[in-house]
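Okay, here's what each chain looks like letter by letter:
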Amino acid sequence: MQARYDIAIVGAGITGCAIARQLSRFDKSICLIEAGDDIALGATKANGGLVHAGYDPSPGTMKARMNARGCALYDRWSEELGFGFRRTGSLVLGFCDEDRAELERLRKNGIANGVPHLEIVGPERIGELEPRANPDATCALWCPSTGYVDPFEVAIAAAENAVSNGATFMRGAPVTAIDRPEGGGFSLSTPRGTVLCSTLINAAGSGAGEISRMAGDRGLRMVWRQGNIAVLDKEPRALMPLYPVPTPMSKGVIVTGTVHGNTVITATAEIRGQGDKDTYADDVEALLSGARRLVPDLDTRRVVRTFAGGRAVIEGTNDFLIEASKSTPGLFHAAGIQSPGVASAPAVAERMEQLLRETGIELVERADWDPVRRMPDDFDLAPIERKEELIEADPAWGRVVCRCETVPEAEIVAAIHREPGAVSVEGVKRRCRAGMGRCQSGFCQSRVVEIIARELGVEPSEVPLEDAGSWIVDGPLKKPGAPVGAIAEEGR
């Protein structure tokens, strides 16, 4: 199969999806190409979801520009795309005079970067803003514009809006080669077919260096800065994001609430081998001890999940690379989008549009472009009147599959049939939280597998946990109608 597009975007993390959404506004055909079988499988998935305000990056860097602007855009993006966003404000806690000096540096950074209403506060104000913050803190940087989102919900919402405006999403399509046809542009080889395009946008995360090399540009060397994250069960009240004084390597161990009411402890920062997603006992202990320093009464026995992922860091720099290639016409990079990548995504998308215009690509707005993506019904959060309406229209809304998150069958079916929809157990989990709760799918996974198989017309053994080959069911254990204990020969 071979298909031609004006623009191909490699990588369907939050950055690539945001760019696809931004550019779907114009009269260009777009293909969003993802190596994995779903949206947001890389750094976007292994992420705490913080919308950092922008006081941390060094003034004048691309990271500083994108962070502050992206944070400011989140209100509009949330309203248009229908994802949860809470602008709660945050505190960076200090415990000594040296910490106060660092907080003052951060405040000046933030002012230079355009972050509004930054203020250094004392113990009494800290207690008013977040009663569970460590009472030993002597000072804090108060930043009202910090917030948090569900990062893969943002990516999915942006991708759905792009697709509804005509973009194509190609999943399970790692780019294996890039050629330069004589007529210009690019020819991208994938297992799903060849994609021809005039403009190529490299948003491939940890794979950005390889895409750059295949396209004939300078070879970016990527470093895997791994982070472990812990998720705690839901709290009666979500915590405000609490930060320690940062280090040159990272913002340190942060404790934050989430849009769904959990507490997240994020994240360690260790240089490890490319692709290492293992969790390490020492890292988890560093998370828990760091969290207790910020919130002494935090019950870290209530951890329901630990996981790890990598930040896409370019060797030799701690900055983002957002530019048109200097050696390969038509190639654009959105690479090295490490923290604060979630906060920066809307601004990175905006900057990419600007770069295309600056290189002479004409972008004409489509008359039928629709920026709005309606938030799908969330049964757990719906008012009782809406619940009754849904069940009356379809009784499957009353059949709860995931007890922890109160996700009914109809909500799972809707997640599968959205465009682009879920094709795996984890894909359902990211879209409607079935399996995201306290038992971590211990009760609902088999039922989710059954629903996916039914809706996609496949056997349960063909339903993956995540990527192709990550099967859960290996065929029948019992002949239909056989008594308990009568094992079928083919199941032995």
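Along each chain, residue indices are assigned from 1 in the same order as the chain's sequence is written. Since the coordinates come from a predicted model, pLDDT governs what is reported: local features require at least 70, and pairs of side-chain atoms require 80 or more to be given and counted, while whole-chain, interface and lining totals use all residues. Based on all heavy atoms of the structure, the side-chain values leave hydrogens and waters out of the count.

A. Representation of the overall build of the protein in the model. Looking only at helices and strands, the protein has twelve helices and 22 strands in total. All radius of gyration figures rest on C-alpha atoms, and the globule criterion is 2.2 Å times the number of residues raised to 0.38. For 492 residues, the compact-globule estimate of 2.2 N^0.38 gives 23 Å, and the protein sits close to it at 23 Å. Scored against the burial criterion, the 492 residues of the protein give a buried share of 57%. By the convention used here, residues are in contact when the closest approach between their heavy atoms is within 4.5 Å. Taking contacts inside the protein between residues at least 6 apart in sequence as the whole, the part at least 24 apart equals 71%. Roughly 20,800 Å² of accessible area belongs to the protein as shown, and the carbon and sulfur atoms make up 50% of that amount. A run of H or I in DSSP becomes a helix once it reaches four residues, and a run of E becomes a strand once it reaches two; helices and strands are each numbered from the N terminus. Exposed residues in this analysis have more than 50% of their type's maximum accessible area, buried residues have under 20%, and partly exposed residues fall in between, with area computed by a 1.4 Å probe over protein chains only. Every accessible area reported is derived by Shrake-Rupley at a probe size of 1.4 Å, with residue values counting cover from the shown protein chains alone.

B. The arrangement of the sheet that holds strand S3 (residues 50–51) in detail. When DSSP finds at least two bridges between two strands, those strands are taken to pair. What the three strands build is an open sheet, ordered S3-S8-S4; its pairing is antiparallel. For this open sheet the edge positions go to S3 and strand S4 (85–86), each flanked by a neighbour on one side alone. With two bridges connecting them, S3 and strand S8 (residues 147–149) associate as antiparallel partners. From the neighbouring strand, Val51 faces S8, where its bridge partner is Gly147.

C. Representation of the packing of aromatic side chains in the model. Pairing of aromatic rings covers Phe, Tyr and Trp, the last through its six-membered ring, and needs centres within 6.5 Å; plane angles under 30 degrees mean stacked, over 60 mean edge-to-face, and all others mean tilted. By the definition in use, this model includes four aromatic pairs. Their ring planes at 40° and their centres at 5.5 Å tell us that Tyr74 and Phe85 sit as a pair that is tilted. Of the two residues, Tyr74 sits in helix H2 (residues 62–81) while Phe85 sits in strand S4, which places them eleven residues apart along the sequence. Pair check on accessibility: Tyr74 and Phe85 agree, each one buried. Summarising the aromatic geometry, the rings of Phe379 and Trp397 are spaced 6.2 Å apart at their centres and angled 25° between planes, so their arrangement reads as stacked. A residue pair is termed long-range when its members are at least 10 positions apart, and Phe379 in the loop between helix H8 (341–358) and helix H9 (384–393) and Trp397 in the loop between H9 and strand S21 (400–402) qualify at 18 residues. For Phe379, a relative accessible area of 6% translates into the label buried. Trp397 sits in the buried class, given a relative accessible area of 11%. Joined through ring pairs, the aromatic side chains of Tyr74, Phe83 and Phe85 make up one cluster. For a Lys NZ or an Arg CZ to count as sitting over a ring, it must be within 6 Å of the ring centre and within 35 degrees of the ring normal. When the ring centre of Tyr280 is taken as origin, the NZ or CZ atom of Arg272, which lies over that ring, is 3.9 Å away.

D. Representation of the side chain of Asp233. Among the structural elements, Asp233 can be located in the loop between strand S13 (222–232) and strand S14 (242–243). On the basis of relative accessibility, which here comes to 10%, the residue Asp233 falls in the buried class. The definition of a polar contact used here is a pair of N or O atoms within 3.5 Å, where within protein one atom must be able to donate a hydrogen and the other to accept one, and adjacent residues in sequence count solely through side-chain atom pairs. Within the local environment of Asp233, its side chain forms a polar contact with the side chain of Arg438, the two groups lying 2.5 Å apart. Not counting residues up to four positions away in its chain, the partners in contact with Asp233 are Asn262, Thr263, Arg302, Val304 and Arg438.

E. Structural detail: the environment of Val425. Checked against the element boundaries, Val425 lands in helix H11 (residues 425–432). Overall, Val425 belongs to the buried group, its relative accessible area being 5%. When the C-alpha atoms of Val425 and Met240 are compared, they prove to be 31 Å apart, with 185 residues separating the residues in sequence. Discounting chain neighbours no more than four positions away, the residues touching Val425 are Gln445, Val448, Val449, Ile452, Val463, Pro464, Leu465 and Ile472.

F. Quick look at the state of the cysteines. We call a pair of cysteine sulfur atoms a disulfide whenever their separation is within 2.5 Å. A complete count under the given rule lists zero disulfides for this structure. Summary of cysteine pairing: Cys31 is not part of a disulfide, and the nearest cysteine sulfur, belonging to Cys197, is at 8.7 Å. Not engaged in a disulfide, the cysteine Cys402 finds its nearest cysteine sulfur in Cys444; these two sulfurs lie 4.2 Å apart. A relative accessible area of 2% places Cys402 in the buried class.

G. Geometry of the pattern of salt bridges. We define a salt bridge as a side-chain nitrogen of Lys or Arg found within 4 Å of a carboxyl oxygen belonging to Asp or Glu. Throughout the structure, instances matching the rule amount to 41 salt bridges. Asp75 serves as the salt-bridge partner of Arg87, at 2.8 Å between the closest nitrogen and oxygen. Taken together, the positions of Arg87 in the loop between S4 and strand S5 (90–94) and Asp75 in helix H2 put the pair twelve residues apart, joining distant regions of the chain. Among the residues examined, Arg87 registers a relative accessible area of 30% and is labelled partly exposed. The shortest N-O distance in the salt bridge between Arg272 and Asp283 comes to 2.8 Å. Placement of the pair is Arg272 in the loop between strand S17 (270–271) and helix H7 (281–294) and Asp283 in helix H7, with a sequence separation of eleven residues.

H. Spatial organisation of unusual backbone geometry. For the bond from Thr266 to Ala267, the omega torsion is -15°, close enough to zero to count as cis. Examined against the element boundaries, Ala267 turns out to sit in the loop between strand S16 (263–266) and S17. A cis amide bond links Glu419 to the next residue, Pro420, at an omega of 0°. Assignment of secondary structure puts Pro420 in the loop between helix H10 (409–417) and H11. Even without glycine at this site, His117 takes up a positive phi of about 60°. Following the sequence through the fold, His117 ends up in the loop between helix H3 (97–113) and strand S6 (119–121). In this structure, Thr406 is a non-glycine residue whose phi angle is positive, near 50°. Mapped onto the elements, Thr406 comes out in the loop between S21 and strand S22 (407–408). Residue Thr406 is classed as partly exposed on the basis of its relative accessible area of 24%.

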